[in-house]
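Structural features, examined
So the chains spell out like this:
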Amino acid sequence: MSENRNAVVLLSGGLDSAVTLALCHAEGFVAHALTIDYGQRHRQELDAARSVADALGVKRHITLAVDLTRWGGSALTGNETVPTRREPSEMGREIPSTYVPARNTIFLSLAMGWAETLGSGDIFIGAHTLDYSGYPDCRPEFFRAFEQMADVATRIGVTHGAQFRIHTPLLLSTKTDIVRRGTELRVPFELTISCYQPDSRGLACGICDSCILRRRAFEEAGVADPTRYSA
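These figures come from a predicted structure and were not determined experimentally.

1. Looking at the pairing of strand S3 (residues 60-65)
Examined bridge by bridge, strand S2 (residues 29-37) and S3 share six bridges and lie parallel to one another. Of the residues in S3, the one forming a bridge with Asp-37 is Ala-65. Assessed by its sense of winding, the connection that carries the chain from S2 through helix H2 (residues 44-56) to S3 is right-handed.

2. Some points on the sheet that holds strand S1 (residues 5-10)
Sheets are built from strands paired through backbone hydrogen bonds, the pairs being either parallel or antiparallel. The strand order across the open sheet formed by five strands is S3-S2-S1-S4-S5, and the pairing between neighbours is parallel. Of all the strands in the sheet, the pair left with one neighbour each is S3 and strand S5 (165-167). Adjacent strand axes in the sheet meet at a mean angle of 25° when their direction is disregarded. Where strand S4 (residues 122-124) and S5 come together, three bridges link them in parallel fashion. The residue of S5 that forms the bridge with Ile-123 is Ile-166. Across the face of the sheet, helix H4 (residues 103-117) comes into contact with S1, S2, S3, S4 and S5 while running at roughly 140° to S2.

3. A closer look at the pattern of salt bridges
Taken as a whole and assessed by the stated rule, the structure comprises nine salt bridges. Put simply, Arg-43 and Asp-37 hold a salt bridge, and the shortest N to O gap is 2.6 Å. Owing to a relative accessible area of 37%, Arg-43 belongs among the partly exposed residues under this scheme. For Arg-201, the salt bridge identified is with Asp-199, shortest N-O distance 2.8 Å.

4. Structural notes on the packing of helix H1 (residues 15-26) against helix H7 (residues 175-184)
Running from amino to carboxyl end, H1 crosses H7 at an angle of 45°, the nearest separation of the two axes being 10 Å. If you check the angle between H1 and H7, you find them oblique. Our pair here, H1 against H7, has a crossing hand that is left-handed. Residues Leu-15, Asp-16, Val-19 and Leu-23 of H1 touch H7, and the partners they reach there are Lys-175, Ile-178, Val-179, Arg-181 and Gly-182.

5. Quick word on unusual backbone geometry
Phi at Arg-85 takes a positive value of approximately 55°, unusual for a residue other than glycine. Of note, Arg-85 is situated in the loop between S3 and helix H3 (88-91). Residue classification places Arg-85 among the exposed positions, given a relative accessible area of 63%. Here the phi dihedral of Ala-102 falls at roughly 60°; this positive angle occurs in a residue that is not glycine. Tracing the backbone through its elements, the reader meets Ala-102 in the loop between H3 and H4. A residue is classified by how much of its surface remains accessible, and Ala-102, at 33% relative accessible area, is partly exposed.

6. Some remarks on the pairing of S1
Examined bridge by bridge, S1 and S2 share six bridges and lie parallel to one another. For Val-9, the partnering residue across the bridge sits in S2 and is Ala-33. Note on the crossover from S1 through H1 to S2: the handedness is right-handed. Sheet topology places S1 next to S4; two bridges connect them, and they run parallel. Of the residues in S4, the one forming a bridge with Val-8 is Ile-123.

7. Focus: the packing of aromatic side chains
In total, this model carries six aromatic pairs according to the counting rule given. A ring pair is formed by Tyr-99 and Tyr-135, whose centres lie 6.5 Å apart and whose planes are at 35°; its orientation type is tilted. Separated by 36 residues along the polypeptide, Tyr-99 in the loop between H3 and H4 and Tyr-135 in the loop between S4 and helix H5 (140-153) bring together distant segments of the chain. Between Phe-142 and Phe-143, the aromatic rings sit 5.2 Å apart at their centres with planes inclined by 65°, giving edge-to-face as the arrangement.

Definitions and cut-offs
- Residues numbered from 1 in each chain as written.
- Predicted model: local features only at pLDDT ≥ 70, side-chain atom pairs only at ≥ 80, totals over all residues.
- Heavy atoms only, no water.
- Pairing = 2+ DSSP bridges.
- Helix = DSSP H or I, 4+ residues; strand = E, 2+ residues; numbered from the N terminus.
- Right-handed = clockwise from strand over helix to strand, strands pointing away.
- Axes fitted to C-alpha atoms, helices over the stretch in contact; angles between N-to-C directions.
- Contact = heavy atoms within 4.5 Å.
- Salt bridge = Lys/Arg side-chain N within 4 Å of Asp/Glu carboxyl O.
- Buried < 20%, exposed > 50% of the residue type's maximum accessible area, 1.4 Å probe, protein only.
- Parallel < 35°, antiparallel > 145°, perpendicular 65-115°, else oblique.
- Left-handed = near helix turned anticlockwise from the far one by under 90°.
- Phe/Tyr/Trp six-rings, centres within 6.5 Å; stacked < 30°, edge-to-face > 60°.

Put into structure tokens, the structure is as follows:
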């Protein structure tokens, strides 16, 4: 147990980050939630992040604007097509168009800056690899490399010998396991959204990779899916 220690949690408004926030609390940290408004097409996740932060409780919640649409390069920040109706077995074969260049590197760097001002080296992120390993910045070796960089790039790392730790409590969990763990922790799944392209009413499309994995996870976990789908 880590009593009264500050931690920064990257909170997207999705299922994984909500469970990660709950796990941060369960480990005894004082959670500070950071949401990045990077120009993503699924804007409803910003509202979802605020709702999750309010429901689960955080010391402070910051939504920070960093416009990644200026250079695009992703279906989430530009005009590329979001993959739909794919089998889970297809999803990890190549890096998908929904990969946002350097997103986790950028997000973790911002979280690192906030953590340092809090006198903390603890950052939580809801990345996982077992169900879907198409993103290069969700691999264990990436997080280990970032920790090493943080230790030599910050004042507390250099002058106090502080060791940054990127907590990835879901990294080796399946999406089904994540739903089960979140259920145990009473995570308000109804407040979260995972869809890459929800409509103007906030309904999940039901056919993008993220929706397919989410639907399957709730079904396999035997937990009612509170998501509102349009298809």
